[in-house]
Amino acid sequence: MRYGKSCGLIFIACVLGVTNLVLAKDTQSLYTAVMTAERQETMTPQQALQRLKDGNQRFMDGKMKRRDLLAQSNATASKQYPVVVVLNCIDSRAPTEIIFDQGVGDVFATRIAGNVQNDDVLGSMEFGTKLAGAKLIAVIGHTSCGAIRGACQQVKLGHLTGLLQKIQPAVKQAAKEEGTNDCDNAVFINQIAKDNVLLVMKQIQSRSPVMSKLIKEGKLGIVGGMQDISTGKVTFFDDQSIMPKS
């Protein structure tokens with residue numbers, strides 16, 4: 001009996017030892033790096049865009065970086081150096097950092113229904129670019145957007161009424177392009193969403209002299225895109241983007 005008990009204790013000790021070794025290696029494999037002032041300073045708008053594209057590909061491939069988010073939080077507690085300002089929808093299926101596989105301190109995420117712009121959104125983006133040094137603005141819409149459909153249907157509801165009014169120019173533009181006003185037509189709704197992204201990109205430049213100047217100086221790029229909520233894939237409108245010459 002004593003022999004059997006000793007063997008049992010030895011077996012348990014071995015299992016615990018192996019487990020602790022695996023856990024130690026697992027902890028060591030966690031990604032802890034954060035954006036630094038030096039990396040942000042030297043990064044170009046094109047490189048910032050590629051970070052989003054690469055991250056979205058990892059998200060779709062199920063190969064997202066395994067991050068130590070607590071360590072990243074500690075490392076960015078005194079200073080942050082994000083390289084991208086992302087304006088996207090409040091929709092729960094479009095979480096910015098997840099779909100682009102970004103960590104703590106990588107992205108200024110601005111979310112509002114229908115990814116529209118207003119004075120507060122513009123002010124936030126001016127902070128993120130002019131004052132905090134981000135190199136790229138990405139305006140991201142998504143398929144099957146409830147706010148877009150609400151704008152198409154001219155929904156009236158409290159403060160939402162005014163927000164949806166901002167999307168009306170895109171509704172009219174898409175109606176001309178698609179030859180329909182059918183708000184149950186998924187293709188039409190998605191076209192409104194795309195046109196709304198392009199509209200917001202123009203509004204950012206026309207309504208913010210601060211960001212417009214940064215873009216003209218080649219210090220800031222702006223790009224639009226659409227997320228397919230069924231796959232997570234973000235398709236960027238590269239031909240509509242404004243990037244400084246390499």
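Let me begin by describing the structure that accompanies this report.

The rules behind the values
- Residues numbered from 1 in each chain as written.
- Predicted model: local features only at pLDDT ≥ 70, side-chain atom pairs only at ≥ 80, totals over all residues.
- Heavy atoms only, no water.
- Helix = DSSP H or I, 4+ residues; strand = E, 2+ residues; numbered from the N terminus.
- Buried < 20%, exposed > 50% of the residue type's maximum accessible area, 1.4 Å probe, protein only.
- Contact = heavy atoms within 4.5 Å.
- Areas by Shrake-Rupley, 256 points an atom, 1.4 Å probe, with all protein chains shown as cover.
- Axes fitted to C-alpha atoms, helices over the stretch in contact; angles between N-to-C directions.
- Parallel < 35°, antiparallel > 145°, perpendicular 65-115°, else oblique.
- Left-handed = near helix turned anticlockwise from the far one by under 90°.
- Nonpolar A, V, L, I, M, F, W, Y, C, P; charged D, E, K, R; others polar.
- Polar contact = N/O pair within 3.5 Å; in protein donor to acceptor, adjacent residues only side chain to side chain.
- Expected span 1.5 Å × (residues − 1).
- Arc of directions from axis to C-beta.
- Core = buried A, V, L, I, M, F, W, Y, C linked by side-chain atoms within 4.5 Å.

Re the overall build of the chain
- The helix and strand inventory of the chain stands at 11 helices and five strands.
- Counting all 246 residues of the chain, 43% fall into the buried class.
- If you take every contact in the chain between residues at least 6 apart in sequence, the share linking residues at least 24 apart comes to 71%.
- Carbon and sulfur atoms provide 56% of the accessible area of the chain, an area that totals close to 13,200 Å².

Focus: the packing of helix α9 (residues 168-178) against helix α10 (residues 186-207)
- One can describe the packing of α9 onto α10 by two numbers: an axis separation of 8 Å at closest approach and a directional angle of 125°. Regarding the angle of α9 to α10, the classification is oblique. The two elements α9 and α10 cross, and the hand of that crossing is right-handed. Within the contact between the two elements, α9 uses P169, A170, V171, Q173, A174, A175, E177 and E178 and α10 uses V187, F188, Q191, I192, D195, N196 and L199.
- Of the residues assigned to the contact of α9 with α10, the class counts are nine nonpolar, three polar and three charged.

Regarding the environment of E217
- Examined against the element boundaries, E217 turns out to sit in the loop between α11 (209-216) and β4 (221-227).
- Within the local environment of E217, its side chain forms a polar contact with the side chain of K213, the two groups lying 2.4 Å apart.

Observations concerning helix α6 (residues 119-131)
- For α6, spanning 13 residues, the distance from its first C-alpha to its last is 17 Å, which sits close to the expected 18 Å at 1.5 Å a residue.
- Among the residues of α6, those classed as buried are V121, L122, M125, G128 and T129. Angularly, the buried residues of α6 cover 125° about the axis, an arc narrow enough to put them on a single face. In α6, the exposed residues that point more than 90 degrees away from the buried face are D119, D120, K130 and L131.
- Its side-chain oxygen placed 3.0 Å from the backbone nitrogen of D120, N118 serves as the N-cap of α6.
- Count one or two residues on from α6 and you reach G133, which has phi positive near 90°.

Focus on the environment of R111
- Checked against the element boundaries, R111 lands in strand β2 (residues 107-111).
- Among the residues examined, R111 registers a relative accessible area of 33% and is labelled partly exposed.
- Sequence-wise, R111 and L87 are 24 residues apart; in three dimensions their C-alpha atoms are separated by 5.8 Å.
- Apart from the residues lying within four places of it in its own chain, the contact partners of R111 are N88, C89, I90, D91, S92, A94, P95 and T96.
- In this structure the side chain of R111 is engaged in a polar contact, spanning 3.0 Å, whose partner is the backbone oxygen of C89.
- A polar atom in the side chain of R111 sits 3.1 Å from the backbone oxygen of I90.

Looking at the nonpolar core
- Grouped together as the largest cluster of nonpolar side chains are 43 residues, with contacts concentrated most on M125, I137, V139, I167, I192 and I204.
- Of the residues forming this core, the biggest block, nine residues, is contributed by α10.
- Setting aside residues no more than four positions away along its own chain, V139 makes contact with L87, N115, V197, V200, M201, I204, V223, G224 and G225.
- Counting 17 residues, the second largest nonpolar core, distinct from the first, contains L49, I99, F100 and V223.

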